[in-house]
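Examination of the molecular architecture
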Amino acid sequence: MCKCNPSVRTPFCGNRGCEWPKSENKVVPFIKPETDLVYSEQTGFGLAFCLHCKHEWQAVAPTGTTKLECPACLTMKGKYKFEFQPETRRVCQCENDLFHLTPEGHLCPNCGIYQRYE
């Protein structure tokens, strides 16, 4: 498929000058965070574990924190064990809960059903 290297079967071979094909999709960036809370006041909490010593604990850290300090070995190799998700969320009929958002609705990438906002 790659025009600069016919032996490659992907749209991109990785060579300098070779680029992914341009997408027709429009990306709409998230402009600003929630306005009812100041970003620095938000916190995440949940079960965490250490990649170094395997210790587990309940962690609380400011939103956006990606490395946690392990209370057992004091290394910065702690990670949250589970993903963050809201208490109330949308779930598709195929049981997928991750969507592509558009201004008019959302598309389930698993089954392809488009749901419009009401």
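Report follows, based on the coordinates. A quick note: this is a predicted structure, and the numbers were derived from the prediction, not measured.

1. Focus on the sheet that holds strand 6 (residues 114-116)
Read from one edge to the other, the open sheet built from three strands follows the order 4-5-6, with strand pairing classed as antiparallel. The outermost strands of the open sheet, each flanked by one partner alone, are strand 4 (100-101) and strand 6.

2. Some remarks on the pattern of salt bridges
Applying the stated rule across the entire model yields one salt bridge. For Glu-56, the salt bridge is made with Lys-81, and the minimal N-O distance between the two is 2.8 Å. One end of the pair, Glu-56, is in strand 2 (residues 56-62); the other, Lys-81, is in the loop between strand 3 (78-80) and strand 4, and 25 residues separate them in sequence. Among the residues examined, Lys-81 registers a relative accessible area of 38% and is labelled partly exposed.

3. Remarks on the sheet that holds strand 2
A sheet is described by the order of its strands in space; here three strands give the open sequence 2-1-3, paired in antiparallel fashion. Each edge of the sheet is formed by a strand with only one pairing partner; in this case those strands are strand 2 and strand 3. The mean angle between the axes of side-by-side strands here comes to 45°, regardless of whether they run parallel or antiparallel.

Each value, and the rule that gives it
- Residues numbered from 1 in each chain as written.
- Predicted model: local features only at pLDDT ≥ 70, side-chain atom pairs only at ≥ 80, totals over all residues.
- Heavy atoms only, no water.
- Pairing = 2+ DSSP bridges.
- Helix = DSSP H or I, 4+ residues; strand = E, 2+ residues; numbered from the N terminus.
- Salt bridge = Lys/Arg side-chain N within 4 Å of Asp/Glu carboxyl O.
- Buried < 20%, exposed > 50% of the residue type's maximum accessible area, 1.4 Å probe, protein only.
- Axes fitted to C-alpha atoms, helices over the stretch in contact; angles between N-to-C directions.

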